[in-house]
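Understanding the architecture of this molecule
Letter by letter, the chains look like this.
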Amino acid sequence: MAHGAGALTLDVLEPARRRGALPGSLHPLQALAGGPFQPGAAAAVDGGPAARRLLVRAARDLGLRPIRVPASGRPLYHASAVMASNLVMALADLAAETWARAGAPPAEALPALVPLLRGAVENLAERGLPGALTGPASRGDAGVVRRQVRALRGEARDAYRVLTRRLVGIAARGGLDRARAEAVLRAAGGAPRRPARRQPR
């Protein structure tokens with residue numbers, strides 16, 4: 001017997017195990033809103049040796065790539081999946097709201113933004129990070145970041161600031177020089193902290 005929940009361990013199948021079942025789990029790392037599995041997508045497999053063998057075979061028969069995630073890591077594993085799928089929907093909603101605030105036609109927001117999102121994901125698949133990064137943080141363009149922070153409001157501004165600070169770290173891995181990186185951090189409202197000077201005794 002296997003469950004398909006990404007956030008749960010095998011403990012939930014303990015009653016079945018006591019009745020002689022082989023507990024396991026098979027969690028496809030997919031946004032299952034209808035439609036087939038994406039080719040080569042991962043699936044977290046867990047269970048005892050016999051259950052794992054069956055579930056690994058089942059995953060491969062479905063065109064999935066089986067991986068192991070320790071039970072202690074399931075909450076973080078599932079949070080990672082939520083960030084990569086569900087939270088993208090929240091960002092898309094914020095982007096559409098910001099688009100409408102700009103005076104652009106609201107009905108055109110998602111039709112215009114989804115191809116941009118799709119292109120970003122395709123670049124990510126082809127080039128990884130930091131290679132796929134574009135935009136003002138990647139260029140160290142503090143002026144653009146500052147103007148956008150001033151124009152944004154509420155949750156959109158908070159999200160922009162937090163995620164831009166993350167982008168600066170990615171850009172730095174790609175070679176963005178320290179001065180420009182720190183300028184963008186300041187523009188986003190998150191200048192790096194410097195060690196406090198020791199006061200003379």
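Residues numbered from 1 in each chain as written. Predicted model: local features only at pLDDT ≥ 70, side-chain atom pairs only at ≥ 80, totals over all residues. Heavy atoms only, no water.

**Let's talk about the pattern of salt bridges**
Oppositely charged side chains can pair when the atoms bearing their charge come close. Taken as a whole and judged by the stated rule, the model has 3 salt bridges. A salt bridge links Asp-46 to Arg-68; the nearest nitrogen and oxygen atoms lie 3.9 Å apart. Note that Asp-46 is positioned in strand β3 (residues 42-47) and Arg-68 in strand β4 (residues 65-68), a separation of 22 residues in sequence. Judged by relative accessible area, Asp-46 falls into the buried class, the value being 11%. Among the ionic pairs, Arg-178 bridges to Glu-182, the shortest N-O distance being 2.9 Å. Taken together, the residues Arg-178 and Glu-182, both in helix α9 (residues 178-187) and 4 residues apart, mark about one turn of the helix. (Salt bridge = Lys/Arg side-chain N within 4 Å of Asp/Glu carboxyl O. Helix = DSSP H or I, 4+ residues; strand = E, 2+ residues; numbered from the N terminus. Buried < 20%, exposed > 50% of the residue type's maximum accessible area, 1.4 Å probe, protein only.)

**Some details on helix α2 (residues 49-61)**
Note on helix geometry: an α-helix contains 3.6 residues per turn, so any two residues three or four positions apart are oriented the same way. Look at α2: 18 Å from first C-alpha to last across 13 residues, which is about the 18 Å you get at 1.5 Å a residue. Along α2, the residues that are buried comprise Ala-51, Leu-55 and Ala-59. Take α2 and look down its axis: the buried residues cluster within an arc of 65°, on one side only. Those residues of α2 that are exposed and angled more than 90 degrees off the buried face are Pro-49, Arg-53, Arg-57, Arg-60 and Asp-61. Packed against the buried residues of α2 are β1 (2-3), β2 (24-28), β3 and β4. In the segment just after α2, Gly-63 is the residue with positive phi, at about 80°. (Expected span 1.5 Å × (residues − 1). Arc of directions from axis to C-beta. Contact = heavy atoms within 4.5 Å.)

**Quick notes on the environment of Gly-73**
You can see Gly-73 is positioned in the loop between β4 and α3 (74-84). Between the alpha carbons of Gly-73 and Pro-136 there is a distance of 35 Å; along the sequence they are 63 residues apart.

**Section: the nonpolar core**
Side chains that are nonpolar tend, in soluble globular proteins, to be buried together. Ranked by size, the top nonpolar core spans 19 residues in total, and within it Ala-142, Val-145, Tyr-160, Val-168 and Val-184 carry the most contacts. Among the secondary structure elements, those contributing two or more residues to this core are α7 (142-151), α8 (154-173) and α9. When residues in this core are grouped by element, the largest group, 6 residues, is from α8. (Core = buried A, V, L, I, M, F, W, Y, C linked by side-chain atoms within 4.5 Å.)

**As for the sheet that holds β4**
Reading across the sheet, the 4 strands line up as β1-β2-β3-β4 and stay open at both edges, with mixed pairing between neighbours. Taken across any chain shown, the strands that pair with only one partner, and hence form the sheet edges, are β1 and β4. Bridging between β1 and β2 involves 2 bridges; their strand directions are parallel. Its bridge partner being in β2, His-3 is matched across the sheet by Ser-25. Packed on one face of the sheet, α2 meets β1, β2, β3 and β4 and runs near 160° to β3. Together, β1, β2 and β3 form the strand contacts of α3, whose direction differs from that of β2 by roughly 20°. (Pairing = 2+ DSSP bridges. Axes fitted to C-alpha atoms, helices over the stretch in contact; angles between N-to-C directions.)

**What about the confidence of the model for the protein chain?**
A residue-level look at the protein chain finds 91% of positions with pLDDT of 70 or above and a mean pLDDT of 88. Low pLDDT, under 50, characterises residues 193-201; the stretch is placed with 2 contacts to residues that sit more than four places away or in other chains. (pLDDT = per-residue confidence, 0-100.)

**Describing a negative patch on the surface**
Judged by side-chain charge, Asp-93, Glu-97, Glu-155 and Asp-158 come together as a negatively charged surface patch. Looking at the negative patch, the elements that each hand over two or more residues are α4 (86-101) and α8. Mapped onto the fold, Glu-97 is located in helix α4. (Patch = residues over 30% accessible without salt bridge, like charges linked within 9 Å, V, L, I, M, F, W, Y side chains within 5 Å. Areas by Shrake-Rupley, 256 points an atom, 1.4 Å probe, with all protein chains shown as cover. Lys, Arg positive; Asp, Glu negative; His and termini not counted. Charge placed at Lys NZ, Arg CZ, Asp CG, Glu CD.)

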